[in-house]
Amino acid sequence: MKIKYVLSAVAFLIGLTGCTADLMNYNGADMVRFSGDPETVFSFAYYTDQKTEDVIDVNVMTVGEVADHPRTVRFEQVTKEWKYNYDPQDPNRIVDSTYIDMPYPAEEGKHFHIENATGNAFTIPAGEHSYRLKIMVKRSDNDLKKHARTLHLKLIPNEHFGILSDVAALKKITISDKLEKPRQWKGYYCDLYIGNWSETKHRFMINVTGQKWDDDFIKVYIKSFDEAPLRNFYLMKIKKALEAYNADPSNNPPMKDENGKEIVFP
């Protein structure tokens, strides 16, 4: 027996994910998908050496009906990816592609552990339409300071659930112990206020302000006008610190990033 799930609630939940295009594949059967941001970047570089592990929440939701019995969801780790070659005359035109092994896939037990899954499956309880996977990320591998590890989890169909789309079925997680470019560090306002990203520049901004300048911070202080006064305060503080650094001959100015390019702010 199944309990009918109110259609308006389904529409509301799907709308929250920002992926309504997946409805093109919805045929009334029970489906499962990842919800929220399809990509997560976690870096231990924001924390002291004492922090050796943390837990990432990954949200999964069902579409269709809520059942009065537990239902199993199955998944797999994807360790291959597409490599694209672009036309040298047109960087937006793909000339060919190859499906290759990921150079640095995350390893179970070494880089991560899913706390509330058994093997490659977990159970959505009776009467529930969502589940929160608890993924422990680990810092023990010193190579994370050089090479970020990639964890791609893909939901797969079974006797309980179908899949809405390949996009909705895939969750991408990056695990690192070095600063990675925030996904929000792009677009007009980032170009206007903070310019190009580099690891050295990012670290300098963190050291000067005591803020992470990660995705959450950029959303609030760069891409929102609500916090403009504090944003301007931080940017002025950074620029003055850079001027002071470059004014000291002992620093062999100007300050340069890991690629040998001068660090500047708009």
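Before going into details, it helps to say that this report is about the structure given with it. (Residues numbered from 1 in each chain as written. Predicted model: local features only at pLDDT ≥ 70, side-chain atom pairs only at ≥ 80, totals over all residues. Heavy atoms only, no water.)

**Considerations on a positive patch on the surface**
Rules: Each patch is assembled from residues with relative accessible area greater than 30% and no salt bridge, linking like charges that lie within 9 Å and nonpolar side chains (Val, Leu, Ile, Met, Phe, Trp, Tyr) that lie within 5 Å. To be clear on the numbers: accessible area is Shrake-Rupley with a 1.4 Å probe, and residue cover counts the displayed protein chains and nothing else. Note on definitions: salt bridges are taken to be side-chain nitrogens of Lys or Arg within 4 Å of carboxyl oxygens of Asp or Glu. Positive charges come from Lys and Arg, negative ones from Asp and Glu, while His and the chain ends are left out of the count. For this purpose, a charge sits on NZ of Lys, CZ of Arg, CG of Asp or CD of Glu. Secondary structure is summarised from DSSP: a helix means a run of H or I of at least four residues, a strand means a run of E of at least two, and numbering begins at the N terminus for each. Between buried and exposed lies partly exposed: a residue is buried under 20% and exposed over 50% of the maximum accessible area for its type, with that area taken using a 1.4 Å probe on protein chains only.
The grouping of K181, K186, K219 and K223 at the surface amounts to a positive patch. With respect to the helices, strands and loops of the structure, K223 is situated in the loop between α4 (215-221) and α5 (228-247). Given a relative accessible area of 32%, K223 falls into the partly exposed group.

**With respect to the layout of surface pockets**
Keep this limit in mind: Each cavity reported here is a set of points on a 1 Å grid over the protein atoms alone in which a 1.4 Å probe fits but cannot get out, each pocket an open set with protein on both sides within 12 Å along at least five of seven lines, and each lining residue one with an atom within 4 Å of a point. Grid points are joined across faces, edges and corners, and a volume is the space filled by probe spheres set on the points. Three residue categories are used. Nonpolar comprises Ala, Val, Leu, Ile, Met, Phe, Trp, Tyr, Cys and Pro, charged comprises Asp, Glu, Lys and Arg, and polar comprises the others, including Gly.
In this structure, the largest pocket occupies an estimated 730 Å³ of space. In terms of lining residues, the largest pocket is bounded by 28 residues, among which E81, M102, T150, H152 and K172 are the most central. Among the secondary structure elements, those contributing two or more residues to the lining of the largest pocket are β3 (39-43), β6 (71-78), β7 (80-87), β12 (149-156) and β14 (170-176). Across the lining of the largest pocket, the residue classes break down as 13 nonpolar, five polar and 10 charged. A volume near 580 Å³ is recorded for the second largest pocket. Every residue lining the second largest pocket is counted, 26 residues in all, and those nearest its centre are E39, T40, V41, D215 and D216. Of all the elements in the fold, those that place two or more residues in the lining of the second largest pocket are β3, β4 (53-63) and α4. The element best represented in the lining of the second largest pocket is β3, accounting for five residues.

**A few points about the sheet that holds strand β9 (residues 112-114)**
Stated formally: Each pair of strands is called paired provided DSSP finds at least two bridges between the two strands.
Spatially, five strands are ordered β9-β11-β4-β2-β13 in an open sheet, and the strand pairing comes out mixed. What marks the edges here is a single partner per strand, and that holds for β9 and β13 (162-163). Of the strand pairs in this sheet, strand β2 (residues 31-34) and β13 are connected by two bridges, and their pairing is parallel. The residue of β13 that forms the bridge with M31 is G162.

Structural measurements only, silent on function.
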